[in-house]
Structure formats: C-alpha cells, structure tokens
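Coordinate inspection notes
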Amino acid sequence: MERNTPVLSARDLRKAFPSDGERHLLRKGMHPAVDGVSFDIYPGQTFGLVGESGCGKSTVAKLLMGLEKLDSGEVYLEGQRIDQLAPKKLRPLRPQFQMVFQDSGSSLNPRKRVMDILSEPMLYHGVAKSDTVQARMDELLEQVGLPREMKHRYPHEFSGGQRQRICIARALSLRPKVIVLDEPVSALDVSVQAQILNLLRDLQEQMHLTYLFIGHGLGAVRYISHRIGVMYMGRLVESGDAEELFAHPAHPYTRALLDAVPVADYALRNRPRITLVGEVGELPASGNGCPFAPRCPMATASCLEHVPELKPLAGAPERTVACLRAGEQR
C-alpha cells in the first residue's frame, strides 16, 4: 500500500445513547457520544485520540471495531467500506484490525493458559497450522519481551504490565494491518507505562505497524503519536501533527489540556494558563452554540450562537480546528 493511502478511515461517525432514565424504545433524550468524527490513519503511523473522560474516545474505537453499531457514518479499511458488511463477509477481514483494551485482566480468559490465548486465534483464522503454532507463539512472546516458558502460565500469575504484553502479543498474532490501543497504559505504574510505550514504538518500527492510540495522558499520547486529534463532547475540535499541535495549540480547549499538565520547572509556576470554568457537558443556553463555549474564557456572543466547523487553520493547511477564534490562539 502507498504511504499516502490511509489504512483506516473514519467518515462522519455518529453514535447516540439514551440518557439516564429515558425510554430507549421511543428514542427520547438521546445523548450524542460521537458527533461527526472523521480522520485518516496512514501506514506505519500512529494517530492519537485525546480528551477528557467521557468525550467519546472509547466509543470511537468500538465503532471502528464493530463492537457498537453506527447511527450514521462510514468506516473504510484500505479503501473498502466495512461498517455495512454482513458478519459472514466481515469475518475474513477481522484479523486485519485488532484491539488492545485498557483492562488487561478482564480481556484475558482466566481459565486459559497463555499458550491457548495465543494459539486459538491463529488456528481459527488459519494464520498458523498445528505444526507451526508453537514456534509462532515463542516468536510472539520474544517480540513483546516475555520468556517463552511463560506460555504455560495463567493470566493471574502475571503482573499488570506483563498481562498487557500478552494482550499485545495476541493482537500481533493475526498480523493485523491496524491495531486500536484503547488507553493501554493508563492502568499501569509510570515506569511500566514507559516500558510498554517503548515496546509499542519498537514494534511499530520493526514491523511497520499502524496504530490508533487512545488516551487522556498527554505525555503518552505525544510520545507515541505522529498525528493527534483532540475530542470534546463527542466532536473533534483540533487535529494535526503531534509536535506542531503541542507547540502551538490552536483551540482553547487544547491549550487548557496542555496547561493542566504539571511542569517540573519551578520558574514556570506562574506562567499564563487557561483556566476552565463550569463542568463537562454544560451546553450553551441557546442550544445551538459551540459545545465548549460555556467553559471557554475566550467565548464571545457569536460562540454561543454558532457551532464552528472543523476546517483547515489559516497558514497551516495540515492543521484543522473548530473554533471561531482559532487564529488568535496562535
């Protein structure tokens, strides 16, 4: 595949869930968890998706994987639309996109040994045969930094970091074209987080892997991502090159996220920062304005009346931002 051809594409993804206490069958009180999200992920690169808890990041992952049904929108794998495929036609494509979840403990069957967890997917999908699967398992364990003797153990005999390495090995076992990583290090100690992130980067370089990395820890997202999308209340509010986005945030929400990161330099304790007001989920009184406007210190009357579109930033066509005052941020 050419490098400028996306491996995975999302187009205008939308998903709403019933609000608490509402009647699902009548479709009343629907809360939009994902509201018009679009992005492309290119071969050998990582697209990072970042935002506060509840912004819709994990729902996007589930929509891409087919674990949740789209209300509307399109998902493409190497140019082929997959969201409307019948289960029978989608099954042969399943090995091509795999997922690593946040909670490694609940994503591994406690009654099966590691050798069964790794071998069964490969045998089912025909990636390995009975006479080669043992060698393939040993290779996978070596790739994720675990001794091959550990394949005889059960998940409860491992630490959290080791279990996550097993989950990564399971995802790699089917030789996928894209791996969705849903907050894979957020439940780990800081030192273990660094080890897993370094492992993911090494594997990507060695095997030319393509990742969608979802997280709320900005340091981890920045470290592993080539491009980043920032989500707020189900919408993408900014996207672009990772280093450029961190160096020059164009949306006030992106800047607020960066300002909230602790800084070790004592001299920067009084640096100018954006301070958010209100709570996540608060909407403009008009019901039509920018979802971020009630919390934004830069909001104007126009922000409370109009929903900004995600469009290229002036002077930086590779950056997109949904803010009426984006130019002033730069």
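Heads up: these notes are all about the structure in this document. (Residues numbered from 1 in each chain as written. Predicted model: local features only at pLDDT ≥ 70, side-chain atom pairs only at ≥ 80, totals over all residues. Heavy atoms only, no water.)

1. Observations regarding the pattern of salt bridges
Rules: Salt bridges are defined by distance alone: a side-chain nitrogen of Lys or Arg within 4 Å of a carboxyl oxygen of Asp or Glu. Put simply, DSSP H or I for four residues or longer makes a helix, DSSP E for two residues or longer makes a strand, and each gets a number counted from the N terminus. Summary of the burial criterion: residues with accessible area below 20% of their type's maximum are buried, those above 50% are exposed, and those between are partly exposed, where the area comes from a 1.4 Å probe applied to protein chains only.
A complete count under the given rule lists 19 salt bridges for this structure. For Glu183, the salt bridge identified is with Lys57, shortest N-O distance 4.0 Å. Of this pair, Glu183 sits in the loop between strand E7 (178–182) and helix H7 (190–207) while Lys57 sits in helix H1 (residues 57–65), placing them 126 residues apart in sequence. We note that Glu183, like Lys57, is buried. A salt bridge links Arg319 to Glu238, with the shortest nitrogen-to-oxygen separation between them at 2.2 Å.

2. Some words on empty space enclosed by the protein
The cut-off we apply is this: With a 1 Å grid laid over protein atoms only, a set of points is called a cavity when a 1.4 Å probe fits there but cannot get out and a pocket when it is open yet has protein on both sides within 12 Å along at least five of seven lines; lining residues have an atom within 4 Å of a point. Grid points are joined across faces, edges and corners, and a volume is the space filled by probe spheres set on the points. Basically, the charged four are Asp, Glu, Lys and Arg, the nonpolar ten are Ala, Val, Leu, Ile, Met, Phe, Trp, Tyr, Cys and Pro, and anything else, Gly included, counts as polar.
The final tally for this structure, using the stated rule, is two cavities of 30 Å³ or more. When its volume is computed, the largest cavity comes out at roughly 90 Å³. Along the walls of the largest cavity sit 13 residues, with Cys290, Cys296, Cys303, Cys323 and Leu324 positioned nearest its centre. Here the residues of the lining of the largest cavity sort into eleven nonpolar, one polar and one charged. Estimated volume of the second largest cavity: approximately 40 Å³. The wall of the second largest cavity is formed by Val100, Ile168, Ala171, Leu172, Ile179, Leu181, Leu200, Leu203, Leu209 and Tyr211. Sorting the residues of the lining of the second largest cavity by element identifies helix H6 (160–172), E7 and H7 as the ones contributing at least two each. It is H6 that provides the largest number of residues to the lining of the second largest cavity, a total of three residues. In terms of residue class, the lining of the second largest cavity is built from ten nonpolar, no polar and no charged.

3. Some words on the packing of aromatic side chains
To keep it simple, the criterion reads: Working definition: rings of Phe, Tyr and Trp (its six-membered ring) pair if their centres are within 6.5 Å, and the pair is stacked with planes under 30 degrees apart, edge-to-face with planes over 60 apart, and tilted otherwise.
Counted by the stated rule, this structure contains four aromatic pairs. Centroid distance Phe39 to Phe47: 4.8 Å. Interplanar angle 10 degrees. Geometry classified as stacked. On the accessibility criterion, Phe39 (6% relative accessible area) is buried. Their ring planes at 65 degrees and their centres at 5.3 Å tell us that Tyr253 and Phe292 sit as a pair that is edge-to-face. On the criterion of sequence distance, the pair formed by Tyr253 in helix H10 (residues 252–259) and Phe292 in the loop between H10 and strand E11 (311–313) is long-range, its members being 39 residues apart.

4. Quick look at the sheet that holds strand E3 (residues 46–50)
Within a beta sheet, neighbouring strands are joined by backbone hydrogen bonds and run either parallel or antiparallel to one another. The criterion, for reference: One bridge is not enough; two strands pair if DSSP finds at least two bridges between them. The angle between two axes is taken between their N-to-C directions and runs from 0 to 180 degrees, where each axis is a line fitted to C-alpha atoms and a helix contributes only its stretch in contact. The criterion used for residue contact is that any of the two residues' heavy atoms lie within 4.5 Å.
Reading across from one edge, E6-E7-E8-E3-E9-E10-E12-E11 is the order of the eight strands in this open sheet, with mixed pairing throughout. Each of the sheet's edge strands pairs with one partner strand only, and the pair in question is strand E6 (97–100) and E11. Geometrically, the sheet is characterised by an average inter-axis angle of 25 degrees between neighbouring strands, direction not taken into account. Bridge count between E6 and E7: four bridges; the pairing is parallel. Bridge pairing in E7 places Val100 opposite Leu181. Set on the sheet, H6 makes contact with E6 and E7; between it and E6 the angle comes to about 175 degrees.

5. Side note on the environment of Gln193
Note the cut-off: Any pair of nitrogen or oxygen atoms within 3.5 Å is treated as a polar contact; in protein, a donor-acceptor pairing is required on top of that, and neighbouring residues in sequence qualify only through side-chain atoms on both sides.
By the secondary structure assignment, Gln193 is in helix H7. From its side chain, Gln193 meets the backbone oxygen of Val185 in a polar contact 3.1 Å long.

6. Structural notes on H10
Across the eight residues that make up H10, a large majority, seven, are buried. Where H10 is concerned, the buried positions are Pro252, Tyr253, Thr254, Ala256, Leu257, Leu258 and Asp259.

7. Section: the state of the cysteines
Selection rule: In plain terms, two cysteine sulfur atoms within 2.5 Å form what is called a disulfide here.
Per the stated rule, a full pass over the model turns up zero disulfides. You can see Cys290 has no disulfide; the closest cysteine sulfur is in Cys303, sitting 6.4 Å from it. In this structure Cys290 comes out as buried when scored by relative accessible area, which is 11%.

8. Observations concerning the nonpolar core
What counts, and what does not: Take the buried Ala, Val, Leu, Ile, Met, Phe, Trp, Tyr and Cys residues and link them wherever side-chain atoms come within 4.5 Å; each set so joined is a nonpolar core.
Counting 58 residues, the largest nonpolar core has Ile168, Leu172, Leu200, Tyr211, Phe213, Ile228 and Val230 as the members making the most contacts within it. Apart from residues no more than four positions distant in its own chain, Phe213 is found in contact with Thr46, Phe47, Gly48, Leu49, Leu181, Pro184, Val185, Leu197, Leu200, Ala220, Val221 and Ile224. Counting 30 residues, the second largest nonpolar core, distinct from the first, contains Phe47, Cys55, Leu90 and Val178.

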